[in-house]
Amino acid sequence: VLQGPETDPETRAQLRAAVRQGESVSVEILNYHRDGTPYWLALTISPVHDAAGTLRRFVAVERDITARRAAERERVELSTAVAISPDGISLAAPDGLITYMNAAHAAIYGYAVDDLLGRTWQAFYTVDEAARLARDVLARDGTWHGEATGLRRDGTCFPQELQLTLLPWGGIVGSVRDISERKAWERAIEERAVRDELTGLYNRRGFFARARAALAGARAAGIPCALLYGDMDHFK
């Protein structure tokens, strides 16, 4: 163990120093089975003295901690991925208070992370929207995915793609993405489909859509309606 390349120089130096000084030492080292597969050991070396205080031997206790190290590595990898995710990710306790939030989540709403920890998730939505989410999402088990309207720190609202997952003990995992740009593109595409590109006036498709809506509204209200049609140099 002291000479093997699987032990880093700092750990080797720590072990050698403890042995020279007759002191106990505990380290974690990476070792390899005979077939070459790696495994982690928690190694504790303790000195044994006789009645006169003379160092006679060392006792080494080894414990395989491969599973624990793998779990720790997985947690670090997962937490790093969450922390750097461009999507906002947050955790809320059963009482609705935010216990974790990555930087992207706070930035989407115009805050710093420290400004939001300990606040309720309802602070990110208008009263009506928070009530809708509580009614449609939190009252059921499992996962909900859809669109919602978020509330920024400056009071402006924005469209978002939201996914909420209820944890078995009542907490909530939330993932949010600002879709303002996507919605703007969708509106632009819809406008180009119903308006003349040169004049901005409604084209045939736009006219029929508006006319159907107006007629349906008139019928529902029980009031008469009229259509004014103009032709100016064959420009209708």
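What counts and what doesn't
- Residues numbered from 1 in each chain as written.
- Predicted model: local features only at pLDDT ≥ 70, side-chain atom pairs only at ≥ 80, totals over all residues.
- Heavy atoms only, no water.
- Helix = DSSP H or I, 4+ residues; strand = E, 2+ residues; numbered from the N terminus.
- Contact = heavy atoms within 4.5 Å.
- Pairing = 2+ DSSP bridges.
- Axes fitted to C-alpha atoms, helices over the stretch in contact; angles between N-to-C directions.
- Core = buried A, V, L, I, M, F, W, Y, C linked by side-chain atoms within 4.5 Å.
- Buried < 20%, exposed > 50% of the residue type's maximum accessible area, 1.4 Å probe, protein only.

### Considerations on the side chain of Lys183
Turning to its location among the elements, Lys183 is positioned in helix α6 (residues 180-194). Once you skip the residues sitting within four places of it in the chain, Lys183 turns out to touch Glu147 and Pro159.

### A closer look at the sheet that holds strand β4 (residues 88-92)
A sheet is described by the order of its strands in space; here five strands give the open sequence β5-β4-β8-β7-β6, paired in antiparallel fashion. Strands at the two margins of the open sheet, each flanked by one partner only, are β5 (98-101) and β6 (143-151). Each strand axis lies, on average, 25° off the axis of its neighbour in the sheet, ignoring direction. Where β6 lies against strand β7 (residues 157-166), nine bridges are found, and the strand directions are antiparallel. Following the sheet pairing, His145 is matched in β7 by Gln163.

### Structural notes on the pairing of strand β2 (residues 38-49)
On a regular strand, one side chain projects to one face of the sheet and the next to the other, so that they alternate. Sheet analysis places strand β1 (residues 25-32) next to β2, joined by eight bridges and oriented antiparallel. When the bridges of β2 are listed, Leu30 appears paired with Trp40. Taking the residues between adjacent antiparallel strands as the criterion, β1 and β2 are bridged by five residues, where Gly36 takes a positive phi near 95°. In the sheet, β2 pairs with strand β3 (residues 55-64) via nine bridges, with the strands oriented antiparallel. Each bridged residue has a counterpart across the sheet, and for Thr44 the counterpart in β3 is Val61. Once β2 ends, the chain turns through five residues before running back antiparallel as β3, passing Gly53 with a positive phi of about 90°.

### Looking at the nonpolar core
Tyr109, Trp121, Phe124, Tyr125, Leu133 and Leu162 are the most contacted members of the largest nonpolar core, which totals 20 residues. For this core, the secondary structure elements donating two or more residues are β5, α3 (103-108), α5 (127-138), β6, β7 and β8 (172-178). Sort the elements by how many residues they give to this core and β7 lands first, with three residues. Counting residues in hydrophobic clusters, the runner-up holds nine residues, among them Leu15, Ile29, Tyr39 and Leu41.

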